[in-house]
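Chain residues, written in single-letter form:
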Amino acid sequence: MDTHANNPLHGITLEKMITELHAHYGWEKLDELMRVNCFHVNPSINSSLKFFRKTPWAREKLEKLYLSYRATHTK
(Lines give C-alpha, C1' and ligand atoms only; values in the text may rest on other atoms or scores of the structure.)
Protein backbone atom coordinates (compact mmCIF):
# COMPACT_ATOMS: atom_id res chain seq x y z
CA MET A 1 0.00 0.00 0.00
CA ASP A 2 1.32 3.46 -0.91
CA THR A 3 1.78 5.45 2.29
CA HIS A 4 2.09 8.73 0.37
CA ALA A 5 -1.20 8.45 -1.52
CA ASN A 6 -3.03 10.86 0.80
CA ASN A 7 -0.20 13.39 1.09
CA PRO A 8 -0.93 16.25 -1.34
CA LEU A 9 2.67 17.50 -0.99
CA HIS A 10 4.30 14.18 -1.90
CA GLY A 11 6.87 14.77 -4.64
CA ILE A 12 6.71 18.57 -4.38
CA THR A 13 10.00 20.12 -3.32
CA LEU A 14 10.34 23.13 -1.08
CA GLU A 15 12.05 24.96 -3.96
CA LYS A 16 9.08 24.24 -6.25
CA MET A 17 6.64 25.60 -3.66
CA ILE A 18 8.62 28.81 -3.14
CA THR A 19 9.19 29.29 -6.87
CA GLU A 20 5.50 28.84 -7.75
CA LEU A 21 4.30 31.09 -4.92
CA HIS A 22 6.85 33.77 -5.85
CA ALA A 23 5.83 33.62 -9.51
CA HIS A 24 2.17 34.04 -8.57
CA TYR A 25 2.30 36.47 -5.63
CA GLY A 26 5.73 38.13 -5.74
CA TRP A 27 7.93 38.82 -2.70
CA GLU A 28 5.88 41.77 -1.42
CA LYS A 29 2.60 39.83 -1.30
CA LEU A 30 4.31 36.76 0.20
CA ASP A 31 5.72 39.00 2.94
CA GLU A 32 2.24 40.39 3.55
CA LEU A 33 0.69 36.90 3.70
CA MET A 34 3.34 35.21 5.84
CA ARG A 35 5.22 37.94 7.73
CA VAL A 36 8.64 36.28 7.65
CA ASN A 37 11.92 38.15 7.15
CA CYS A 38 13.14 35.97 4.30
CA PHE A 39 10.36 37.52 2.18
CA HIS A 40 10.95 41.02 3.55
CA VAL A 41 14.71 41.64 3.72
CA ASN A 42 16.65 40.91 0.49
CA PRO A 43 14.29 38.11 -0.59
CA SER A 44 15.60 35.32 -2.79
CA ILE A 45 14.85 31.68 -3.47
CA ASN A 46 18.10 30.61 -1.75
CA SER A 47 17.56 32.64 1.44
CA SER A 48 13.99 31.38 1.61
CA LEU A 49 15.11 27.76 1.20
CA LYS A 50 17.61 28.13 4.04
CA PHE A 51 15.03 29.72 6.32
CA PHE A 52 12.22 27.22 5.68
CA ARG A 53 14.55 24.23 6.03
CA LYS A 54 15.62 25.44 9.48
CA THR A 55 12.24 26.67 10.72
CA PRO A 56 9.52 23.97 11.01
CA TRP A 57 6.68 26.31 12.05
CA ALA A 58 7.32 28.57 9.07
CA ARG A 59 7.59 25.64 6.66
CA GLU A 60 4.23 24.37 7.89
CA LYS A 61 2.73 27.81 7.25
CA LEU A 62 4.28 27.88 3.75
CA GLU A 63 2.89 24.41 2.99
CA LYS A 64 -0.61 25.53 4.01
CA LEU A 65 -0.34 28.61 1.80
CA TYR A 66 0.88 26.46 -1.10
CA LEU A 67 -1.98 23.97 -0.70
CA SER A 68 -4.47 26.83 -0.59
CA TYR A 69 -2.91 28.34 -3.72
CA ARG A 70 -2.99 24.99 -5.55
CA ALA A 71 -6.61 24.36 -4.56
CA THR A 72 -7.73 27.62 -6.14
CA HIS A 73 -5.48 27.44 -9.23
CA THR A 74 -5.82 23.83 -10.40
CA LYS A 75 -8.70 21.65 -11.46
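The structure we're discussing is the one just above.
(A) Molecular detail of helix α3 (residues 56-73). Taking 1.5 Å per residue, 18 residues should reach 26 Å; α3 reaches 25 Å between its end C-alpha atoms and fits that length. Listing the buried residues of α3 in full gives A58, L62, L65, Y66 and Y69. Viewed along the axis of α3, the buried residues span an arc of 100 degrees, placing them on a single side of the element. More than 90 degrees from the buried face of α3, the exposed residues found are P56, W57, K64 and A71. Buried residues in α3 make contact with α1 (14-34) and α2 (45-54).

(B) Representation of α1. Taking 1.5 Å per residue, 21 residues should reach 30 Å; α1 reaches only 16 Å between its end C-alpha atoms and comes up short. Along α1, the helix axis deviates most sharply at G26, where the bend reaches about 95 degrees. Residues of α1 that are buried in the fold lie against α2 and α3. Following α1 by one or two positions, R35 has its phi on the positive side, about 55 degrees.

(C) Just the environment of L33, in detail. When you line up the elements, L33 lands in helix α1. Between the C-alpha atom of L33 and that of L21, which follows or precedes it by twelve residues, the distance is 11 Å. Leave out the neighbours within four places in its chain, and L33 touches Y25, K61 and L65.

About the criteria used
Numbers given to residues run from 1 along each chain, matching the order in which its sequence is written. For this predicted model, a pLDDT threshold of at least 70 governs which residues receive local features, and a threshold of 80 or more governs which side-chain atom pairs are given and counted, while totals over whole chains, interfaces and linings are taken from all residues. To get the side-chain values, all heavy atoms of the structure are used, and hydrogens and water are removed first. Numbering of helices and strands starts at the N terminus; helices are DSSP runs of H or I of at least 4 residues and strands are runs of E of at least 2. In a helix, the anticipated span is given by 1.5 Å times the number of residues less one. When a residue's accessible area, from a 1.4 Å probe over protein chains only, is under 20% of the maximum for its type it is buried; when over 50% it is exposed; and in between it is partly exposed. This arc describes the spread of directions from the helix axis toward the C-beta atoms. The contact criterion used is simple: two residues touch if any of their non-hydrogen atoms lie within 4.5 Å. One axis is fitted to the seven residues ending at the residue and one to the seven starting there. The bend at that residue is the angle between these axes.

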